[in-house]
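The primary structure of each chain is shown beneath.
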Amino acid sequence: MLSKEKLERINILAKKAKNEGLTDKEKEEQKKLREQYLNNVRSSFKNQFKTMTVIDPAGNDVTPQKVRDLQERNKKH
């Protein structure tokens, strides 16, 4: 998870970009922080799939094969 300070910095840079613009150094910092944030979101989302099971109204397990494959790969690690 991203620290509170990094999230605050992302928001500060976004607001500054909207109001007055960013320097090249600030643009690079913003890009790196956004990438860290997106990687964190992707990782969190992927972890949710590792424990997911899909059950249809009849009670049958209909978990997609891609999710099952991800879960199997996770068991090997």
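Here the structure is a predicted model, which means the values were calculated and not measured.

Enquirer: What is the right way to read the pattern of salt bridges from this model?
Expert: It is possible for side chains of opposite charge to pair when their charged atoms get near one another. Enumeration over the complete set of coordinates arrives at four salt bridges. For glutamate 29, the salt bridge goes to arginine 9, with nearest N and O atoms at 2.9 Å. Of the two residues, glutamate 29 sits in helix α2 (residues 24-50) while arginine 9 sits in helix α1 (residues 4-19), which places them 20 residues apart along the sequence. Given the relative accessible area of 28%, arginine 9 is considered partly exposed. Across the pair arginine 68 and aspartate 61 runs a salt bridge, and its minimum N-O distance is 3.5 Å.

Enquirer: Looking at this model, I keep getting lost on the nonpolar core. Mind explaining?
Expert: Generally speaking, a soluble globular protein has its nonpolar side chains buried in company with each other. Within the largest apolar cluster, five residues are counted, these being Leu2, Ile10, Leu13, Leu22 and Leu33. The contact partners of isoleucine 10, leaving out residues within four places of it in the chain, are Leu2, Leu33 and Tyr37.

Enquirer: What's the story with α2 in this structure? I'm lost.
Expert: Think of an α-helix as turning once every 3.6 residues; residues three or four places apart then point the same way. Along its 27 residues, α2 runs 39 Å from first to last C-alpha, staying within 8% of the 39 Å computed at 1.5 Å per residue. Buried residues of α2: Glu26, Gln30 and Leu33, and no others. Residues of α2 that are buried make contact with α1.

What counts and how
- Residues numbered from 1 in each chain as written.
- Predicted model: local features only at pLDDT ≥ 70, side-chain atom pairs only at ≥ 80, totals over all residues.
- Heavy atoms only, no water.
- Salt bridge = Lys/Arg side-chain N within 4 Å of Asp/Glu carboxyl O.
- Helix = DSSP H or I, 4+ residues; strand = E, 2+ residues; numbered from the N terminus.
- Buried < 20%, exposed > 50% of the residue type's maximum accessible area, 1.4 Å probe, protein only.
- Core = buried A, V, L, I, M, F, W, Y, C linked by side-chain atoms within 4.5 Å.
- Contact = heavy atoms within 4.5 Å.
- Expected span 1.5 Å × (residues − 1).

Fair warning: the whole summary comes from geometry, so function is off the table for now.
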